[in-house]
Amino acid sequence: QVQLVESGGGLVQAGGSLRLSCAASGSIFRTSAMGWYRQGPGLQRDMVASISSGGNTNYADSVKGRFTVSRDNAKNTVYLEMNSLKPEDTAVYYCKLVTPFGMPYWGQGTQVTVSS
C-alpha cells in the first residue's frame, strides 16, 4: 500500500513563491509516475504538472514557465516549485502516484491561497 502526504501550502501575495512537497511511503515510488493536480471551489480537479519515473515532465499551459516539478528518489519525494503566483492559482493541490501497472494513489491535499 502507498500513502502520500503533501506539505508546503499556505497564504502568499501575488507574485510570490511556494514550494510544495509530497512524500510517498513504500518502495514503489521510484518506478512510478508522479503528478500534481489542483481543484478550486466549485471546479473540477485538473492536472498541473507531472513527472515520469525517468524524469520526463509535462505542464498545463496555465503554469508553464512559472512552475517546476522535480523528484528525489532517494527521499521518495516529489516537489512543485511555484513562482510568480497569481490569484487564479488558489486551490487545493493534490499529489498523485501511478504505479507501473496503472494503479493510482492520491494524497490528502494542501491549500494554496494567493492574495491580490
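So, here's what we can say about the structure. These figures come from a predicted structure and were not determined experimentally. What you see as residue numbers is a count from 1 along each chain, following the sequence as written. Restriction of local features to residues with pLDDT of at least 70 applies here, the model being predicted, together with a cutoff of 80 or more for giving and counting side-chain atom pairs; totals for whole chains, interfaces and linings are based on all residues. The side-chain values count all of the structure's non-hydrogen atoms but skip hydrogen atoms and water molecules.

## Some thoughts on unusual backbone geometry
Positioned with a positive phi, N76 is a non-glycine residue whose angle comes to about 50 degrees. Locating N76 in the fold gives a position in the loop between strand 7 (67-72) and strand 8 (77-82). Partly exposed residues are those whose accessible area sits between 20% and 50% of the maximum for their type, while under 20% is buried and over 50% is exposed, using a 1.4 Å probe and protein chains only. For N76, a relative accessible area of 18% corresponds to the buried category. For S84, which is not glycine, the phi torsion reads 50 degrees and is therefore positive. Starting at the N terminus, helices and strands are each numbered in turn, a helix being any DSSP run of H or I of at least four residues and a strand any DSSP run of E of at least two.

## A word on the pairing of strand 5 (residues 46-51)
Consecutive side chains along a regular strand alternate between the two faces of the sheet. Pairing between two strands is assigned when DSSP locates at least 2 bridges connecting them. By the bridge criterion, five bridges tie strand 4 (residues 33-39) to strand 5 in an arrangement that is antiparallel. By the bridge assignment, R38 is partnered in strand 5 with D46. As consecutive antiparallel partners, strand 4 and strand 5 are separated by six residues, and within that stretch G42 has a phi angle of approximately 75 degrees, a positive value. As paired elements, strand 5 and strand 6 (residues 57-59) share three bridges and run antiparallel to each other. Directly across from I51, in strand 6, lies its bridge partner T57.

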